[in-house]
Amino acid sequence: MNLLLLEACNTYNYGSMMMVENFIHYSHQKDPEIQYYVVAEDEVHINRIKEATGLGEQIFYIKGAELFRNNSVMRSFILKKIFHVDVYSDLMKKMDKILVFGGDDYTEIYGMKYLYRQLCYTDAMKPKETYMALVGQSIGPFKRKFTRNRAFSLFGLMDMISLREHESYLYLKKYGFSNIVEMTDLALLPLAKEDSKAITKENTIILCPSELMYRHAKKISREEFIEFNIQLCRCLLNKGYKLILLPHVWDDMIGGDLAITKEIYQAVADKENILLVEEPVLPAQIRYMIRKSRLLIAERMHPAISCLECETPSLVFSYGRKYEGIFKKLYGLNELLIDIREYDDIKSLLSDCMKKLENIMQQYDFIVDRIKKKNNEAQPITREHIYNIVDATQK
């Protein structure tokens, strides 16, 4: 079987990499003969996926333009939609299934221009006769009727849409979609080369700063958010913790989290007790750090997802339903969340963070037990979902 994997191309976004890495790893367990064709702009990302999964012989690097006769995705979209031209190359016609991996690409979080471009791109990548699924997505809600109609027209072409939180599932179900399934995040599963043995916890806290999180606050600037993180680091160091500063999105379409992480690191004086992870690593290496650490502070969602799999508590900055769907509704751990949308000053944000951290430490064993119990429920469902995608046929 030949699988075409889309939106899996940036392995410097460790959340994105974990999802595609786990899909390849567990689908290979179901069918060891699968060949994976991964669309990316640079072969370095394919090499990182090969290293992480150990399946170098079955993973192939291709550019999106290679899937079309005229080597242009958007031109092919126009020819396909308006003139009904057969635009696909022989390589595309070899594909048995096309899988588009999530996140938030079909929401309005990144702006309308990005959303419309994503809708057109996905439409261009859908031959009528080929199975296509959106995997691990958050969907909508769409404010304008025109946007909703355009998105729903595309979603109706999909053979399957798997949704990573309950609200997205209810949203599409309300509008009559029957090609939808509810799942958990693919990153909740152990990674291919992850060492899951019990490790003695050190007196270390990992901080994953974000270049995006402050933008969801009521009124906090980038400079203020950096200052908040600097003060947070100093508070934790004063309490005797060692710190690891980890940009969980090393690079992406807005430059990733490395720059803001460096700025925070450079402003904190106590370099003996703080480590900056400056070079790109593999997700399994991050999980080893998490297993050794007492706690993680996540200004991105996927480092906190890794904490769940590693049975390690985290303080999770949130701004929407994807956080609430996993941490509040699925795991029953609302005490881990701090909603950035409620804040317009860093003084109250810092005060509430320290109170939350103290509360997490007081309930530490209860939280770990809760995570273990929910992992035992959620992980088999996630594995089965991957197996079902391998077995699925076109509707």
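Residues numbered from 1 in each chain as written. Predicted model: local features only at pLDDT ≥ 70, side-chain atom pairs only at ≥ 80, totals over all residues. Heavy atoms only, no water.

## Some points on a nonpolar patch on the surface
On the surface, Ile78, Ile82, Phe83 and Val85 cluster together to form a nonpolar patch covering roughly 390 Å² of accessible area. Looking at the secondary structure, you find phenylalanine 83 in helix α3 (residues 73–83). Residue classification places phenylalanine 83 among the exposed positions, given a relative accessible area of 55%. (Patch = residues over 30% accessible without salt bridge, like charges linked within 9 Å, V, L, I, M, F, W, Y side chains within 5 Å. Areas by Shrake-Rupley, 256 points an atom, 1.4 Å probe, with all protein chains shown as cover. Salt bridge = Lys/Arg side-chain N within 4 Å of Asp/Glu carboxyl O. Helix = DSSP H or I, 4+ residues; strand = E, 2+ residues; numbered from the N terminus. Buried < 20%, exposed > 50% of the residue type's maximum accessible area, 1.4 Å probe, protein only.)

## Brief notes about the sheet that holds strand β10 (residues 274–276)
Here 6 strands make up an open sheet; going across it, the order is β10-β9-β8-β11-β12-β13 and the pairing parallel. Edge strands, defined here as strands with exactly one partner in the open sheet, are β10 and β13 (337–339). Pairs of neighbouring strands in the sheet enclose a mean axial angle of 15 degrees, with direction left out of account. Where helix α9 (residues 258–267) meets the sheet, it contacts β9 (242–245) and β10, and its direction lies at approximately 150 degrees from that of β10. (Pairing = 2+ DSSP bridges. Axes fitted to C-alpha atoms, helices over the stretch in contact; angles between N-to-C directions. Contact = heavy atoms within 4.5 Å.)

## What about the state of the cysteines?
The full count for this structure, using the stated rule, is 0 disulfides. In this model cysteine 208 remains outside any disulfide bridge; the closest cysteine sulfur is found in cysteine 307, 7.6 Å from its own. As a non-bridged cysteine, cysteine 233 has cysteine 235 as the owner of its nearest cysteine sulfur, 9.4 Å distant. (Disulfide = S-S within 2.5 Å.)

## Some details on the environment of lysine 113
Residue position: lysine 113 is located in helix α5 (residues 112–124). Assessed through its relative accessible area of 69%, lysine 113 is described here as exposed. Sequence separation of lysine 113 and lysine 174 is 61 residues, and the distance between their C-alpha atoms is 26 Å.

## Some points on the packing of α5 against helix α6 (residues 145–155)
The contact between α5 and α6 brings their axes to 10 Å, and the two run at 25 degrees. Between α5 and α6, the crossing angle belongs to the class labelled roughly parallel. Handedness of the α5/α6 crossing: left-handed. Packed against α5, whose contacting residues are Met112, Leu115, Tyr116, Leu119, Cys120, Thr122 and Asp123, the element α6 presents Phe146, Thr147, Arg150, Ala151 and Leu154 at the interface. Across the contact of α5 with α6, the residue classes break down as 8 nonpolar, 2 polar and 2 charged. (Parallel < 35°, antiparallel > 145°, perpendicular 65-115°, else oblique. Left-handed = near helix turned anticlockwise from the far one by under 90°. Nonpolar A, V, L, I, M, F, W, Y, C, P; charged D, E, K, R; others polar.)

## Regarding unusual backbone geometry
Across the junction of glycine 140 and proline 141, the peptide omega takes the value -10 degrees, indicating a cis bond. Tracing the chain through its elements places proline 141 in the loop between β5 (131–137) and α6. The phi dihedral of glutamate 311 is positive, around 55 degrees, even though this residue is not glycine. As for its position among the elements, glutamate 311 is in the loop between α11 (301–309) and β12 (314–318).

## Looking at the packing of aromatic side chains
Throughout the structure, instances matching the rule amount to 20 aromatic pairs. Here phenylalanine 142 and phenylalanine 155 contribute two aromatic rings whose centre-to-centre distance is 6.5 Å and whose plane-to-plane angle is 35 degrees, an arrangement assigned as tilted. In this pair, phenylalanine 142 is assigned in the loop between β5 and α6 and phenylalanine 155 in helix α6, connecting sequence segments 13 residues apart. On the basis of relative accessible area, phenylalanine 142 is assigned to the buried category, the value being 5%. One aromatic cluster in this structure is built from Tyr106, Phe142, Phe152, Phe155, Tyr171, Tyr175 and Phe177. Looking at lysine 97, its charged tip hangs above the ring of tyrosine 131, at a distance of 5.3 Å from the centre. It is lysine 271 that lies over the ring of tyrosine 265; its NZ or CZ is 5.0 Å from the centre. (Phe/Tyr/Trp six-rings, centres within 6.5 Å; stacked < 30°, edge-to-face > 60°. Lys NZ or Arg CZ within 6 Å of the ring centre and 35° of its normal.)

## Some remarks on the pattern of salt bridges
Going through the model one piece at a time under the given rule, you end up with 22 salt bridges. With its nearest N and O atoms 3.3 Å apart, the salt bridge here joins aspartate 123 to arginine 150. Here aspartate 123 is found in helix α5, whereas its partner arginine 150 is found in helix α6, with 27 residues between them in sequence. For the pair shown, aspartate 123 and arginine 150 are each scored as buried.

## A short note on the environment of valine 39
Summarising the element assignment, valine 39 is placed in strand β2 (residues 35–39). Remark: the alpha-carbon pair of valine 39 and leucine 67, spanning 28 residues in sequence, is separated by 9.5 Å.

## Here's the deal with the side chain of glutamine 379
Within the secondary structure, glutamine 379 is located in helix α14 (residues 364–391). Since its relative accessible area comes to 12%, glutamine 379 is described here as buried. A distance of 2.8 Å separates a polar atom in the side chain of glutamine 379 from the backbone oxygen of leucine 188. (Polar contact = N/O pair within 3.5 Å; in protein donor to acceptor, adjacent residues only side chain to side chain.)

## Examining the sheet that holds strand β6 (residues 160–163)
Ordered in space as β3-β2-β1-β4-β5-β6-β7, the 7 strands form an open sheet in which the pairing is parallel. Here the strands that pair on one side only, and so sit at the sheet edges, are β3 (59–62) and β7 (180–182). Put simply, the sheet's adjacent strands are angled 20 degrees from each other on average, direction ignored. The sheet contacts of helix α2 (residues 43–53) involve β2 and β3, and relative to β3 the element is tilted by about 170 degrees.

## Some thoughts on the nonpolar core
Membership of the largest hydrophobic core comes to 75 residues, with the highest contact counts inside it found for Ile297, Phe317, Phe327 and Leu349. Ranked by residue count, the leading element in this core is helix α8 (residues 222–238), at 8 residues. Setting aside residues no more than four positions away along its own chain, isoleucine 297 makes contact with Ile205, Ile206, Leu207, Cys208, Leu232, Leu236, Leu315, Phe317 and Leu357. Core analysis: the second largest hydrophobic core is formed by 39 residues, Leu4, Phe68, Leu163 and Tyr171 among them. (Core = buried A, V, L, I, M, F, W, Y, C linked by side-chain atoms within 4.5 Å.)

Structural measurements only, silent on function.
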